[in-house]
Amino acid sequence: MAQPPGIHARRAALRLLDAVLRRGETLDQAFPGATADVRRPPDKALARAIASEALRWQVDCDALIDGATRQVLPADAKARAVLRLMLAQWLRLGTPPHAVIATGLPLLSGGPRRLAHGVFSTLVRAGAALPDAPGLPPAVAARWGARAGAIAQGLAEPPPLDLSLRDPAATARWQVELGGESLMPGHVRLPRGTAVEDLPGFADGAWWVQDLAASLPARLLGPGEGRHALDLCAAPGGKTLQLAAAGWQVTALDISKRRLELLRANLKRTGLAAGVVRADALAWEPKHRFDAILLDAPCTATGTARRHPDVLHRVTDRQIAEMAELQAKLIERAAAWLKPGGTLVYASCSLERAEGEERAAAVALPPVPVEAAELPGPLAPDADGHVRTDPGMMAGAGGLDGFFIARWRKPAGE
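Fair warning: this is a prediction, and the values are worked out from it, not measured in the lab.

**Q** Talk me through the overall build of the chain; I want residue IDs and the actual numbers.
**A** Across its full length, the chain carries 16 helices and ten strands. In terms of C-alpha radius of gyration, the chain reaches 23 Å, essentially the compact-globule figure of 22 Å for 414 residues. Summarising its shape, the C-alpha atoms of the chain cover approximately 75 × 45 × 40 Å along the three principal directions. A burial count over the chain gives 53% of its 414 residues as buried. Expressed as a percentage of contacts within the chain between residues at least 6 apart in sequence, the contacts between residues at least 24 apart total 70%. Side chains of the chain carry 49 positive and 44 negative charges; the gap between the two charge centres is 6 Å.

**Q** Let's hear about the packing of helix H1 (residues 7–23) against helix H3 (residues 41–56): which residues, and what values?
**A** Packing of H1 against H3 leaves a shortest axis separation of 8 Å and a crossing angle of 45°. Our classification of the angle between H1 and H3 gives oblique. Our pair here, H1 against H3, has a crossing hand that is right-handed. When H1 is examined against H3, the residues Ala-9, Arg-10, Ala-12, Ala-13, Leu-16, Leu-17, Val-20 and Leu-21 are found in contact with a partner set consisting of Asp-43, Leu-46, Ala-47, Arg-48, Ile-50, Ala-51, Ala-54 and Leu-55. Residues that form the contact of H1 with H3 fall into these classes: 13 nonpolar, no polar and three charged.

**Q** Please give an account of the environment of Gly-413 that cites residues and values.
**A** Within the secondary structure, Gly-413 is located in the segment after strand S10 (403–409). Residues Gly-413 and Pro-159, 254 residues apart in the sequence, show an inter-C-alpha distance of 45 Å.

**Q** Please provide a residue-by-residue account of the environment of Ala-126, values included.
**A** Among the secondary structure elements, Ala-126 is positioned in the loop between helix H7 (110–125) and helix H8 (138–144). When the C-alpha atoms of Ala-126 and Ala-68 are compared, they prove to be 9.6 Å apart, with 58 residues separating the residues in sequence.

**Q** I'd love a proper account of the nonpolar core, names of residues and values included.
**A** Core analysis: the largest hydrophobic core is formed by 47 residues, its most contacted members being Leu-83, Leu-87 and Leu-123. Mapped onto this core, the elements with two or more residues apiece are H1, helix H2 (27–34), H3, helix H4 (58–67), helix H5 (78–91) and H7. Not counting residues within four places of it along the chain, the set of residues in contact with Leu-83 comprises Ile-65, Leu-73, Ala-116, Val-119 and Phe-120. Counting 39 residues, the second largest nonpolar core, distinct from the first, contains Leu-221, Ala-229, Trp-248 and Ala-347.

**Q** Lay out the pairing of strand S7 (residues 290–296) in plain terms, naming residues and giving numbers.
**A** The buried fraction of S7 is high, at seven of seven residues. As paired elements, strand S4 (residues 228–232) and S7 share four bridges and run parallel to each other. Looking across to S7, one finds that Leu-232 is bridged to Leu-295. As defined by bridge partners, S7 adjoins strand S8 (residues 338–348) across six bridges and the pair is classed as parallel. Counted as the bridge partner of Ala-292 is Thr-343 from S8.

**Q** Outline the sheet that holds strand S3 (residues 207–209), supporting the account with residue identities and numerical values.
**A** Taken in spatial order, the three strands make up an open sheet running S2-S1-S3, and their pairing is antiparallel. Each edge of the open sheet carries a strand with a single partner, namely strand S2 (187–190) and S3. Averaged over all neighbouring strand pairs, the angle between strand axes comes to 30°, with direction disregarded. As defined by bridge partners, strand S1 (residues 161–165) adjoins S3 across three bridges and the pair is classed as antiparallel. Across the sheet, residue Ser-164 finds its bridge partner in S3, namely Trp-208.

**Q** Could you give an account of the packing of aromatic side chains, naming the residues involved and the relevant values?
**A** For the structure on display, the rule yields three aromatic pairs. For the ring pair Trp-284 and Trp-337, a centre distance of 5.2 Å and an interplane angle of 85° mean the geometry is edge-to-face. Of the two residues, Trp-284 is situated in the loop between strand S6 (275–278) and S7 and Trp-337 in the loop between helix H15 (317–336) and S8; the sequence distance between them amounts to 53 residues. A single burial state applies to Trp-284 and to Trp-337, both of which are buried. A cation over a ring is seen here: Arg-48 above Phe-31, with NZ or CZ 5.9 Å from the ring centre. The ring centre of Trp-174 lies 4.2 Å from the NZ or CZ of Arg-173, which sits over that ring.

**Q** Any chance you could break down the sheet that holds S10 for me, citing the residues and the numbers?
**A** The strand order S6-S5-S4-S7-S8-S10-S9 describes an open sheet built from seven strands, whose pairing is mixed. Two strands lie at the open edges of the sheet, namely S6 and strand S9 (387–389), each paired on one side alone. Strand-to-strand twist in this sheet, taken as the mean axis angle between neighbours without regard to direction, amounts to 15°. Summarising the sheet, strand S5 (residues 249–254) and S6 pair through four bridges and their orientation is parallel. Counterpart to Leu-253 in the pairing with S6 is Val-277. Against the sheet, helix H13 (residues 257–270) makes contact with S5 and S6, and its axis sits at roughly 175° relative to S6, the strand it touches most.

**Q** Talk me through helix H12 (residues 238–245); I want residue IDs and the actual numbers.
**A** Of all eight residues in H12, seven are buried; the element is thus mostly enclosed. What H12 keeps buried is the set Gly-238, Lys-239, Thr-240, Leu-241, Gln-242, Leu-243 and Ala-244. Looking one or two residues past H12, Gly-247 carries a phi angle of roughly 95°, positive in sign.

Rules and cut-offs
Residue indices follow the written sequence of each chain, beginning from 1 at its first position. For a predicted model such as this one, the threshold for reporting local features is a pLDDT of at least 70, and the threshold for listing and counting side-chain atom pairs is 80 or more; totals across whole chains, interfaces and linings nevertheless cover every residue. To obtain the side-chain values, all non-hydrogen atoms of the structure were used and water was disregarded. Per the convention used, a helix needs a DSSP run of H or I reaching at least four residues, while a strand needs a run of E reaching at least two, with both numbered from the N terminus. In this description the radius of gyration comes from C-alpha coordinates, and the expected globular size is given by 2.2 Å times residues to the power 0.38. Only protein chains enter the calculation, and the probe is 1.4 Å; a residue is then buried if its accessible area is under 20% of its type maximum, exposed if over 50%, and partly exposed in between. Should any heavy atoms of two residues lie within 4.5 Å, those residues are counted as being in contact. Asp and Glu count as negative and Lys and Arg as positive, but His and the ends of the chain are not part of the count. Every charge is mapped onto a representative atom, which is NZ of Lys, CZ of Arg, CG of Asp or CD of Glu. Geometry is summarised by axes, namely lines fitted to C-alpha atoms with helices restricted to the contacting stretch, and by angles between N-to-C directions that run from 0 to 180 degrees. Orientation is classified from the angle alone, with under 35 degrees giving roughly parallel, over 145 giving roughly antiparallel, 65 to 115 giving roughly perpendicular, and any other angle giving oblique. The sense of a crossing depends on the near helix, which, turned anticlockwise from the far helix by less than a right angle, makes the crossing left-handed and, turned clockwise, makes it right-handed. Residues are grouped as follows: Ala, Val, Leu, Ile, Met, Phe, Trp, Tyr, Cys and Pro are nonpolar; Asp, Glu, Lys and Arg are charged; all remaining types, including Gly, are polar. To qualify as a nonpolar core, a set must consist of buried Ala, Val, Leu, Ile, Met, Phe, Trp, Tyr and Cys residues joined through side-chain atoms within 4.5 Å. At least two DSSP bridges between two strands are needed for those strands to be called paired. A pair of aromatic rings is counted whenever rings of Phe, Tyr or Trp (Trp by its six-membered ring) have centres within 6.5 Å, and the orientation is called stacked for planes under 30 degrees apart, edge-to-face for over 60 and tilted otherwise. Only lysine NZ and arginine CZ atoms are considered, and such an atom sits over a ring when it is within 6 Å of the ring centre and within 35 degrees of the ring normal.

Structure (structure tokens):
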């Protein structure tokens, strides 16, 4: 029997959902295997979009499903997973219900197929709708505390496209040429879905893709003026490019061969220079000390939930604790590699206090509070002079990822 058009993309979306929810993989990790039998790039992209929206709105899709049937569906039931995908297509991607049914029901057989058909048809007839903001899993809402509601508002849509410019002095020019908006010097924001490689300036290396929040840590080190900086855990290289463009002599260290290949490609495209080292930061020892160190630490990445909604469902308290322990070790090593008077900036793209505020509180170096003038628009440092961003901030301008950033300076006599 001939398969309906688009069925391979839906099967791939179902595999992505299973990989995230059952095996704890990231969407990025699961994507190559899940889409291996999907030939057309647009179908691969569709599979990811369906799975991403199903994960982003899973709490709300489940509430609709449970309200449309008396049958108790286990959380890991295949029929529930398929219904999540069907609802994501209808309510988020605008797929007509008849097309959703034609491509969704073949993923099931027997009783589960009849159940899914009945539930979906009931919801269509009732004119079901999703709320303005996605519901958060209870454990996530508890961790994020008073900001959880505002953060959820910022997760309702995938993020726009942010570009960091090689030459911040050319911001006005690139804002006009690219047709975007700038939220601070060296930054241009474009609508999501923009084809990056087709944009003016890509081939010339005039800019690179980097979320606005992710660009803040390197900015806090200021101009390099030929001094030496270490970008620790550097790949895929956005912060390395920023530091090199700001006049630092950069050593970029990372353990991932694949991600360092991306870093080297970005250096080549932009014409910027950095020494690239592949090593484990917990074992590596530098030949000299540094004027500045930027540690964008490995973390749970819950601050990237706008583009990676899998983090809402697979990050556990144990993972947070493990990452916090690793971050503490990296901060200790980085502090030892600073020259007297050198500056350390620590950042994590996590919304968890254990990976941010609690890490900063344990650092013995004298702090260098961040000033409001160093940040874009309405952002401001907290009472300790640290920076905390989340997807609920600057919502009117398109929002930003979640980050924690802190800065210290080593005493001149040490």
